[in-house]
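Each chain is listed here by its residues.
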Number of protein chains: 2
Amino acid sequence: MKTLNVDLGDRSYPIFIGSGLLNKPELIMPYIKGQSIAIVSNTTVAPLYLDKIHNMTEGFATTDITLPDGEKYKTTETLGQIHTEMLQARCDRKTTLVALGGGVVGDISGFAAATYQRGINFIQVPTTLLSMVDSSVGGKTGVNHPLGKNMIGAFHQPQCVIIDTDTLNTLDDRELSAGIAEIIKYGYINDLDFIDWLDQNMEKLLSRDQEALAYAIFKSCEHKAKIVAADEKETGQRALLNLGHTFGHAIETGMGYGNWLHGEAISAGMVMAAELSKEHGWLSESDITSMKTLLKKANLPIAPPAEISPERFSELMSIDKKVQDGVLHLVLMKSLGESIISSDFDKQALLRVLGA
Amino acid sequence: MKTLNVDLGDRSYPIFIGSGLLNKPELIMPYIKGQSIAIVSNTTVAPLYLDKIHNMTEGFATTDITLPDGEKYKTTETLGQIHTEMLQARCDRKTTLVALGGGVVGDISGFAAATYQRGINFIQVPTTLLSMVDSSVGGKTGVNHPLGKNMIGAFHQPQCVIIDTDTLNTLDDRELSAGIAEIIKYGYINDLDFIDWLDQNMEKLLSRDQEALAYAIFKSCEHKAKIVAADEKETGQRALLNLGHTFGHAIETGMGYGNWLHGEAISAGMVMAAELSKEHGWLSESDITSMKTLLKKANLPIAPPAEISPERFSELMSIDKKVQDGVLHLVLMKSLGESIISSDFDKQALLRVLGA
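Cut-offs applied
Residues numbered from 1 in each chain as written. Chains lettered and ligands numbered in written order. Predicted model: local features only at pLDDT ≥ 70, side-chain atom pairs only at ≥ 80, totals over all residues. Heavy atoms only, no water. Contact = heavy atoms within 4.5 Å. Buried area = accessible area lost by both parts, 1.4 Å probe. Salt bridge = Lys/Arg side-chain N within 4 Å of Asp/Glu carboxyl O. Polar contact = N/O pair within 3.5 Å; in protein donor to acceptor, adjacent residues only side chain to side chain. Helix = DSSP H or I, 4+ residues; strand = E, 2+ residues; numbered from the N terminus. Least-squares fit on C-alpha atoms with pLDDT ≥ 70 in both. Core = buried A, V, L, I, M, F, W, Y, C linked by side-chain atoms within 4.5 Å. Buried < 20%, exposed > 50% of the residue type's maximum accessible area, 1.4 Å probe, protein only. Domains from an automatic or database assignment. UniProt positions renumbered as here; feature names shortened; annotations may be inferred. Axes fitted to C-alpha atoms, helices over the stretch in contact; angles between N-to-C directions. Parallel < 35°, antiparallel > 145°, perpendicular 65-115°, else oblique. Left-handed = near helix turned anticlockwise from the far one by under 90°. Nonpolar A, V, L, I, M, F, W, Y, C, P; charged D, E, K, R; others polar. Pairing = 2+ DSSP bridges. Phe/Tyr/Trp six-rings, centres within 6.5 Å; stacked < 30°, edge-to-face > 60°. Lys NZ or Arg CZ within 6 Å of the ring centre and 35° of its normal.

Caption draft 1: View of the interface of chain A and chain B. Taken residue by residue, the interface counts 37 residues in chain A and 38 residues in chain B. With both sides pooled, the region where chain A packs onto chain B buries about 3,500 Å², and carbon together with sulfur makes up 52% of that total. Inspection of the region where chain A meets chain B yields zero salt bridges. The tally of links between chain A and chain B comes to eight residue pairs in polar contact (both at pLDDT 80 or more). Ranked by the residues each element gives to the side of chain A that touches chain B, the list is headed by strand S8 (residues 148-155) of chain A, at six residues.

So, in structure tokens, the structure goes:
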């Protein structure tokens with residue numbers, strides 16, 4: 001087992017990564033402070049792993065809350081369902097919420113914990129590759145709004161994160177690839193060596209080699225933890241983590257939440273960010289080709305869906321959270337493995353990238 | 001003008017108290033960090049004071065959001081209205097939200113600010129006595145849930161609070177008295193001298209003497225700020241501020257939000273807390289009488305509504321936030337002006353106080 005400490009002062013917490021961790025009650029026990037827990041999962045994950053959490057938390061008063069599965073349920077209505085079921089079960093301010101599932105369960109449960117009686121403890125048990133490498137670090141929680149993804153939310157750090165790589169054996173191939181998109185992202189932000197490693201080990205990751213997965217997860221969480229520790233509330237450099245995301249969010253919103261997986265949208269979004277970087281003369285055609293080759297190797301899309309017109313794309317991007325005081329900030333690449341935050345890009349070049 | 005600094009480390013902020021402050025742009029200007037503001041008020045307050053805020057914030061892109069008036073609209077639906085209107089107006093992460101109104105507007109707007117794009121700055125301009133002495137200190141924000149008052153919310157500190165005592169001239173008498181209930185509360189928590197002052201100056205307060213009001217508001221905020229600075233997240237002594245509130249919340253929920261004003265419910269709740277304290281031998285009959293006399297002088301209720309049965313009262317109190325790990329904590333009085341937090345009270349005595 002590997003342990004990574006996310007360093008956030010009095011909000012620091014450990015991430016445990018390894019095989020068979022859901023059979024180790026001693027990992028979760030020290031992080032449950034009260035006498036009761038609420039386990040939030042969904043209809044897909046609950047039949048697979050809920051019993052394991054029950055076994056790990058024997059002795060605590062337990063409320064099981066099962067959500068419908070899918071990004072389209074990441075709404076204030078589902079948030080209300082969690083709150084209502086917790087109130088009905090008499091959960092109180094010392095109840096610990098356990099989020100068991102992927103990014104949707106993690107984000108919405110974390111936000112439920114952030115806002116239930118003005119904030120209770122929570123523990124994340126991510127079961128998808130995407131949530132292991134993304135939402136398990138940094139405390140971003142929230143729900144979607146019809147007018148924009150993740151628009152409503154809060155920063156709320158977990159007490160600990162338990163990543164059992166065995167749970168990836170039940171993940172479908174498309175979800176696995178979507179997770180790999182976020183892993184690749186860390187390489188393109190600031191670690192070209194990691195890109196090389198991924199290029200060499202993509203087969204192993206796709207065939208779910210436990211050791212390769214654990215390494216890639218640890219490396220990704222480490223990258224993210226370093227950036228988050230320096231800028232918890234995203235006033236500056238944390239925005240680098242949004243490489244591909246402004247384009248990607250527009251794709252997700254434009255296509256209707258859940259039709260494109262988040263990681264798939266980020267994959268196409270990274271290519272678009274790369275193409276805009278090329279327009280500025282920062283990347284070469286061969287840089288773009290090597291990026292596309294790696295993403296294709298991971299079975300990921302390398303272009304946005306044709307259904308979204310350039311006009312609609314612009315509109316969707318204009319209400320992204322990366323807009324500050326009316327100025328759009330994008331993450332671009334000065335070179336492969338060297339990303340920057342920029343508001344000083346060529347607007348016409350952006351329109352060309354959007355297909356106008 | 002009096003200025004009180006609420007000392008919360010990097011979340012510290014000033015409260016400005018005085019007459020005519022809504023004519024002073026220089027007070028609000030330094031606290032607006034971005035280039036846009038959203039002003040949230042309600043249908044009662046907007047016609048009276050919205051123009052003053054517009055005049056104070058000339059030059060900023062401004063979105064006006066007007067809520068229906070009343071505690072019954074302190075819901076997740078109204079919260080959604082604020083978020084939707086802000087998204088439609090392209091408010092971003094640097095937008096400052098200005099909450100103009102009473103406790104409902106302040107609580108719901110503060111929660112909207114806490115959760116809009118994971119948290120934006122906000123400024124409070126309370127226009128009721130209750131919100132001036134209660135919600136302007138401490139950063140508690142939130143909405144009601146059908147199963148319990150203030151059950152959904154967050155801690156989110158404002159950038160500054162501007163209390164213009166002139167706005168109390170438009171407050172109706174019942175609301176004024178409700179605010180006085182919270183002022184009286186601070187005296188009974190730990191300042192018997194303040195109770196004497198209130199007893200001597202009640203006529204002045206009720207006739208809206210500006211100087212008396214400013215003193216009572218400053219004193220109340222100072223009391224609350226001291227307790228909050230020592231225990232921001234209410235892990236201990238901050239709970240003293242809930243004197244009368246566990247009973248009071250049960251009254252509000254049981255009667256339907258908005259039928260009893262919060263301060264009225266707290267008034268009756270304080271008498272109930274005093275009566276339970278008497279059951280333990282801590283207060284005398286004459287203590288109770290002096291408390292009732294003061295509250296009656298302020299035109300406040302001194303007994304709960306007959307409509308709520310003792311059984312319903314118990315049920316309503318069992319889901320209060322003051323319940324931790326299944327144990328009910330109440331604020332009781334060891335003597336007048338000396339409150340304590342107790343879980344070790346006589347359950348039978350409590351039932352007698354509830355009328356069983």
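That covers the picture; the talk isn't over yet.
Caption draft 2: Seen up close, the relation of the copies chain A and chain B. Mapping chain A onto chain B is achieved by rotating through 180° and translating by 0.0 Å along the same axis, at an RMSD of 0.0 Å. Seen this way, the second copy is the image of the first under a two-fold rotation axis. Interface overlap between copies: 100% of the residues of chain A at the interface are likewise at the interface in chain B, consistent with a symmetric, same-surface contact.

Caption draft 3: Seen up close, the nonpolar core. If you look at the biggest cluster of nonpolar residues, it comprises 77 residues, and the most contacted ones within it are Ile15, Leu129, Ile184, Tyr188 and Phe247 of chain A. At ten residues, the largest contribution of residues to this core is made by helix H8 (residues 210-230) of chain A. Taken together, domain 1 (2-170) and domain 2 (173-353) of chain A each give at least three residues to this core, which thus spans both. For Ile15 of chain A, the residues in contact, after removing those within four places along its chain, are Lys2, Thr3, Leu4, Val6, Ser136, Val137, Val161, Ile163 and Cys221 of chain A. Grouped together as the second largest cluster of nonpolar side chains are 76 residues, Ile17, Val228, Ala268 and Leu294 of chain B included.

Caption draft 4: Molecular detail of the UniProt feature "domain: 3-dehydroquinate synthase N-terminal" (unreviewed entry) in chain A. Cross-referencing UniProt, the feature "domain: 3-dehydroquinate synthase N-terminal" (unreviewed entry) maps to residues 65-177 of chain A in the present numbering. The straight-line gap between the two end C-alpha atoms of residues 65-177 of chain A is 28 Å; of that span, 32% is helix and 28% is strand.

Caption draft 5: Looking closely at the packing of helix H6 (residues 173-190) of chain A against helix H10 (residues 262-279) of chain A. Residue and element names in this part refer to chain A. Interhelical geometry of H6 versus H10 gives an angle of 40° and a closest axis separation of 7 Å. As summarised for this structure, H6 and H10 are arranged oblique, according to the angle between their axes. Pair H6 / H10 crosses with left-handed handedness. When H6 is examined against H10, the residues Arg174, Ala178, Ala181, Glu182, Ile184, Lys185 and Tyr188 are found in contact with a partner set consisting of His262, Gly263, Glu264, Ile266, Ser267 and Met270. Of the residues assigned to the contact of H6 with H10, the class counts are six nonpolar, three polar and four charged.

Caption draft 6: Expanded view of the pattern of salt bridges. Residues and elements named next belong to chain B. If you walk through the whole model with that rule in mind, you get 28 salt bridges over all chains. Close ionic contact of Glu315 with Arg312 constitutes a salt bridge, the shortest N to O distance being 3.2 Å. On the criterion of helical spacing, the pair formed by Glu315 and Arg312 is a turn pair, its members being three residues apart in helix H12 (residues 310-318). Here Glu315 falls in the partly exposed class, since its relative accessible area comes to 43%.

Caption draft 7: A look at the pairing of strand S13 (residues 338-342) of chain A. Residue and element names in this part refer to chain A. Alignment of strand S12 (residues 330-335) against S13, held across five bridges, turns out to be antiparallel. Opposite Val331, over in S13, you have Ile341 as the bridge partner. Linking two consecutive strands that pair antiparallel, namely S12 and S13, is a turn of two residues; a positive phi of about 85° is found at Gly337 within it.

Caption draft 8: Structural context of the packing of helix H3 (residues 76-88) of chain A against helix H4 (residues 103-115) of chain A. All names here are of chain A. The geometry of H3 relative to H4 is characterised by a closest axis approach of 10 Å and an angle of 55° between their N-to-C directions. When the interaxial angle is binned, H3 and H4 end up oblique. At the point where H3 passes H4, the crossing takes the right-handed sense. Between H3 and H4, the residues in contact are Thr78, Leu79, Ile82 and His83 and Ile108, Ser109, Phe111, Ala112 and Thr115, respectively. Among the residues forming the contact of H3 with H4, the class breakdown is five nonpolar, four polar and no charged.

Caption draft 9: View of the packing of aromatic side chains. Enumeration according to the criterion identifies six aromatic pairs over all chains in this entry. Joined through ring pairs, the aromatic side chains of Phe194, Trp197 and Tyr215 of chain A make up one cluster. Between Lys185 of chain B and the ring centre of Tyr186 of chain B, over which it is positioned, the NZ or CZ distance is 4.9 Å.

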